[in-house]
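# Per-entry structural report
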Amino acid sequence: MATLFAVDSQNQVYSLVWGILAFFLYIHLKTSKYIIWFITIFIAALCKENGLMWALICPILAFGFDLIDKKTLKKDILIGLSIMLSYALAVFLLPKDVVIHPEYIPDTVKVIKNIIKFLVISFVTFDYVYILHQQHRNLLVGGLLFVITLPFLYFLFINIIKNIKEKRVICVIICLLIAAAPHLLTIYSMMHVYAGLLFITILIAYSVNKYGNNIKYIFASFVLFIIAAFTIDSHLWYESNESGLTGKRMSQEAISKTGCPTDSIFSIVINDDYQRLSSFCVAPQEAFGWSFATQYETNYQWPNHIYELTIDMKEEKKIDSIITRAQKKGYHTFWIVRKDGVTVLKY
């Protein structure tokens, strides 16, 4: 769902695709190898900056699968570092100040939390809504779905642990950590699992391959895993859809209560304590687009201008004075957004 509908996740996928292409060209090209590799890495970085990590991943992954020797590995790691430094230099030479958002400044607590998220989101499948979302929590169903995924994870990890000292496994795990490193140091969320997805897939393939012909148990566990995954995905899709329908219903309610096309609207959104969960369970006022979803509902015919003001619940007593001041500025139609309802006032 995220791959199709979330812009940032699409960028993650594009970056991953260009990274994979960079690796493919790196191991197959003989002439102009480093120029093409340089270009594809830069394109991956332009899609999402963690794509830059493929400058290190390519030689390490190739070494792990015996596609290059140790001498070439050392040389190409230096070239990869040069590519990364070139990109960093290009960014800092841009004709503007580079401002780093506070969220992207690493600290010990944040890094520890990100590592935990990385391990859970990357390797464990569970229903975030049933487990984490207070309004929809169902620990029995969520726990059952989680339990039936465990046999597959056990069969996978038992082989990886047994062969943890093998060069191929070590190199893939190093590549996984390199790919995830920018997010582990800054922000790690559900969409950032894409960065390490290829290496997780390789580890799964490696582990399954170790079973050879004796694969019936892991196949049975995989069937259970897929059933759980599809059930969870269907539930997350349902909750996402319900969030969207809430915004649509609120838009229709505001339009219906307003009665006729109105050029200017003053919208007062009362922020409540609704627990949000990613794009699956969105707060009603967010699904309503803080009133701007109405423009989509009218095919952008009206309202032409929406002034939106968000206040806390404890500030509700100020609404009358806010309306009075807004009237002096020429506003005559007001939308008061409480939870998933819209009250329309006309003066």
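Residues numbered from 1 in each chain as written. Predicted model: local features only at pLDDT ≥ 70, side-chain atom pairs only at ≥ 80, totals over all residues. Heavy atoms only, no water.

## Examining the state of the cysteines
Rules: Note that a disulfide, as used here, is simply two cysteine sulfur atoms within 2.5 Å. The cut-offs for exposure are 20% and 50% of the maximum accessible area for each residue type, with area from a 1.4 Å probe on protein chains only; residues under the lower value are buried, those over the upper are exposed, and the others partly exposed.
Inspection of the entire model under this criterion finds zero disulfides. Cysteine Cys-58 is unpaired, with the sulfur of Cys-175 as its nearest cysteine sulfur at 8.5 Å. You can see Cys-171 has no disulfide; the closest cysteine sulfur is in Cys-175, sitting 6.6 Å from it. A relative accessible area of 7% places Cys-171 in the buried class.

## Some thoughts on the environment of Asp-263
What counts here: Each helix is a run of H or I in the DSSP string that is no shorter than four residues. Each strand is a run of E no shorter than two, and both are numbered from the N terminus. By definition, residues are in contact when any of their heavy atoms lie within 4.5 Å.
Along the chain, Asp-263 falls in the loop between helix H12 (216-258) and strand S1 (264-271). Look at Asp-263 and you get partly exposed, because its relative accessible area is 44%. Residues Asp-263 and Ala-44, spaced 219 residues apart in sequence, show a C-alpha to C-alpha distance of 44 Å. Apart from the residues lying within four places of it in its own chain, the contact partners of Asp-263 are Pro-303, Asn-304 and His-305.

## With respect to the packing of aromatic side chains
Keep this limit in mind: Side-chain rings of Phe, Tyr and Trp (the six-membered ring for Trp) are treated as a pair once their centres are within 6.5 Å; stacked means planes under 30 degrees apart, edge-to-face means over 60, and tilted covers the remaining angles. Throughout this description, the term charge over a ring refers to an Arg CZ or Lys NZ atom that lies within 6 Å of the ring centre and within 35 degrees of the ring normal.
Scanning the entire structure with this criterion turns up 18 aromatic pairs. Aromatic pair Trp-54 and Phe-199: ring centres 5.5 Å apart, planes at 35°, arrangement tilted. With Trp-54 in helix H4 (residues 54-64) and Phe-199 in helix H11 (residues 197-209), the pair connects residues that are 145 residues apart, well separated along the chain. The pair formed by Trp-54 and Phe-199 is uniform in burial state, with each residue classed as buried. Within the aromatic cluster, the residues linked to one another by ring pairs are Phe-266, Tyr-307, Tyr-331, Phe-334 and Tyr-347. Taking the ring centre of Tyr-26 as reference, the NZ or CZ of Lys-33 above it sits at 4.1 Å.

## A few points about the side chain of Asn-163
The condition that has to hold: N or O atoms closer than or at 3.5 Å make up a polar contact, with two conditions inside protein: a donor-capable atom paired with an acceptor-capable one, and, for residues adjacent in sequence, both atoms drawn from side chains.
If you trace the backbone, Asn-163 turns up in the loop between helix H9 (150-162) and helix H10 (167-185). A distance of 2.8 Å separates the side chain of Asn-163 from the backbone oxygen of Asn-159, its partner in a polar contact. Not counting residues within four places of it along the chain, the set of residues in contact with Asn-163 comprises Val-169, Tyr-206 and Lys-210.

## Considering the sheet that holds S1
To keep things clear, this is the line we draw: Two strands pair under a simple rule: DSSP has to find at least two bridges between them. Here an angle of 0 to 180 degrees is reported between the N-to-C directions of two axes, which are lines fitted to C-alpha atoms, with helices fitted over the stretch in contact.
One open sheet holds the four strands; their spatial order is S2-S1-S3-S4, and the pairing between them is mixed. Each edge of the sheet is formed by a strand with only one pairing partner; in this case those strands are strand S2 (305-312) and strand S4 (341-346). Across the sheet, the mean angle from the axis of one strand to that of its neighbour is 20°, orientation sign disregarded. Pairing of S1 with strand S3 (residues 333-338) involves five bridges; the strand directions are parallel. From the neighbouring strand, Phe-266 faces S3, where its bridge partner is Phe-334. Seen against the sheet, H12 touches S3 and S4 and runs at an angle of roughly 20° to S4.

## A short note on H12
Put simply, the rule reads: Between the first and last residue of a helix there are one fewer steps than residues, each counted as 1.5 Å, and that sum is the expected span.
An ideal rise of 1.5 Å per residue puts 63 Å on 43 residues; H12 measures up with 63 Å between its terminal C-alpha atoms. Following H12 by one or two positions, Gly-259 has its phi on the positive side, about 90°.

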